[in-house]
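# Chain and residue survey
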Amino acid sequence: MSLVGAYVALSKPLATVFPVFLLGWLRFGIGGVAMLSWIRKPAHEPALSSRTRWLVFLESFLGNFLFTLCMLAGVSLTSVVSAGVILSFIPAAVALLSRIFLKERIGWRIWAAVVFGGLGMLVLSLAQAQSGGASLPASAKSDDLAWLGNLLIFGAVLCEASYAVIGKRLTAVMGPKRISAVINLWGFVLMTPLGLYAGASFDFFAVPATMWLSLLFYGLAASVWTVWLWMTGLKSVPASRAGVFTVMLPVAAALVGVAVLGETFSPMQLLAFAMALAGLLLATLPAPEGSDPVRGLTP
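## Here's the deal with the pattern of salt bridges
Counted according to the given criterion, the structure contains one salt bridge. Between R178 and E45 there is a salt bridge, with the nearest N and O atoms lying 3.5 Å from each other. In this pair, R178 sits in helix α10 (residues 176-199) while E45 sits in the loop between α3 (20-34) and α4 (50-77), placing the two residues 133 residues apart along the sequence.

Written out as structure tokens, the structure is:
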């Protein structure tokens with residue numbers, strides 16, 4: 001999640017050079033080339049059932065394709081503060097879906113960590129508002145479509161939560177490398193029509209070499225490294241606890257913005273980060289002897 005936050009922040013300059021859908025398509029293409037050897041089914045893995053194939057498609061459709069569309073359209077219609085507050089519900093959404101679909105029993109420490117993370121992201125959003133980043137786009141002001149933007153951002157929250165829960169199911173029958181490669185392939189297929197349309201009139205020769213290097217890092221980080229790390233972690237970590245770590249996405253993005261992109265750092269941001277990290281510590285530090293750190297139950 002820290003690496004996701006870092007590449008999200010560093011992709012900001014890329015979005016000023018490449019159209020968004022072309023950028024997404026190139027990302028999946030770079031990832032596909034890098035993971036060609038991961039596509040083949042290992043000998044020890046069972047053949048995929050029709051249900052597992054459907055889950056693989058949903059993992060890519062919800063976590064890669066639909067999440068991107070909801071985020072892009074939602075942020076264009078609502079304020080940065082509203083988007084930040086709504087996105088802070090991702091850990092809670094992961095916990096709820098884990099309880100419903102994975103039957104994970106969630107103890108008080110996980111719920112407390114969710115609350116800490118949500119409050120931290122709320123403080124971070126208020127800090128962005130004070131710095132002047134909360135204004136609505138002109139289209140949203142004139143057409144009064146902020147409610148639709150908020151709804152789309154909430155859709156992105158559900159997509160991200162579904163990505164975590166479905167990923168946990170997939171790790172039971174597929175290895176992390178193959179999951180990463182297959183969902184990336186589906187992402188490439190789904191994004192190809194939009195990518196080709198965006199690239200038809202784009203001048204590739206006008207892109208400086210530094211941007212191509214940044215694009216290479218973005219593609220490898222977004223499609224390969226982060227997905228493999230996430231799926232490897234999910235093999236041994238409950239999805240509800242993994243969801244707590246999504247607070248590191250905005251934290252890392254803000255830190256990279258300050259350190260690399262020259263953005264300002266405020267005391268409220270420091271408070272937000274402290275609250276988010278307190279939630280992570282609460283969820284991951286060893287529980288008192290005789291209790292279950294995830295379920296909060298005594299054996």
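## Looking at the packing of aromatic side chains
All told, the structure shown has 11 aromatic pairs when counted by the stated rule. Through a chain of ring-to-ring contacts, three or more aromatic side chains come together here, namely W54, F57, F61, F65 and W186.

## Some thoughts on helix α6 (residues 90-101)
With 12 residues, α6 ought to run about 16 Å at 1.5 Å a step, and its terminal C-alpha atoms sit 16 Å apart, in line with that. Taken together, the buried positions of α6 are I90, P91, A92, A93, V94, A95, L97 and S98. Once α6 finishes, K103 follows within two positions and takes phi at roughly 60°, a positive value.

## So, a nonpolar patch on the surface
Taken together, the side chains of I39, L185, W186 and V189 make up a nonpolar region of the molecular surface, amounting to roughly 330 Å² of accessible area. With respect to the helices, strands and loops of the structure, I39 is situated in the loop between α3 and α4.

## A look at a positive patch on the surface
Together, R51, R99, K103, R105 and R169 make up a positively charged patch on the protein surface. Structurally, the position occupied by R105 is in the loop between α6 and α7 (108-130). Taking the relative accessible area as the measure of exposure, R105 reaches 44% and is therefore partly exposed.

## Structural notes on the environment of L215
Take L215: it is sitting in helix α11 (residues 209-234). Along the chain, L215 and L14 lie 201 residues apart, while their C-alpha atoms are 7.1 Å from each other. Those residues in contact with L215 that sit more than four places away from it in its chain are L14, F18, L23, L26 and I30.

## What about α11?
Since the α-helix packs 3.6 residues into each turn, any two residues three or four apart lie on the same face. Its 26 residues place the ends of α11 36 Å apart at the C-alpha level, agreeing with the 38 Å of an ideal helix rising 1.5 Å per residue. Residue A221 marks the point of greatest curvature in α11, where the axis turns by about 40°.

## Details of the nonpolar core
By size, the foremost hydrophobic cluster in this structure holds 30 residues, and its most contacted members are L170, M174, I183, W230 and M231. The element that contributes the greatest number of residues to this core is helix α9 (residues 146-170), accounting for nine residues. In this structure, V4, Y7, A181 and L215 belong to the second largest nonpolar core, which totals 27 residues.

## As for unusual backbone geometry
Of note in this structure, K103 is not a glycine but carries a positive phi near 60°. Structurally, K103 is set in the loop between α6 and α7.

Definitions and limits used
- Residues numbered from 1 in each chain as written.
- Predicted model: local features only at pLDDT ≥ 70, side-chain atom pairs only at ≥ 80, totals over all residues.
- Heavy atoms only, no water.
- Salt bridge = Lys/Arg side-chain N within 4 Å of Asp/Glu carboxyl O.
- Helix = DSSP H or I, 4+ residues; strand = E, 2+ residues; numbered from the N terminus.
- Phe/Tyr/Trp six-rings, centres within 6.5 Å; stacked < 30°, edge-to-face > 60°.
- Expected span 1.5 Å × (residues − 1).
- Buried < 20%, exposed > 50% of the residue type's maximum accessible area, 1.4 Å probe, protein only.
- Patch = residues over 30% accessible without salt bridge, like charges linked within 9 Å, V, L, I, M, F, W, Y side chains within 5 Å.
- Areas by Shrake-Rupley, 256 points an atom, 1.4 Å probe, with all protein chains shown as cover.
- Lys, Arg positive; Asp, Glu negative; His and termini not counted.
- Charge placed at Lys NZ, Arg CZ, Asp CG, Glu CD.
- Contact = heavy atoms within 4.5 Å.
- Bend = angle between axes of the 7 residues up to and from the residue.
- Core = buried A, V, L, I, M, F, W, Y, C linked by side-chain atoms within 4.5 Å.

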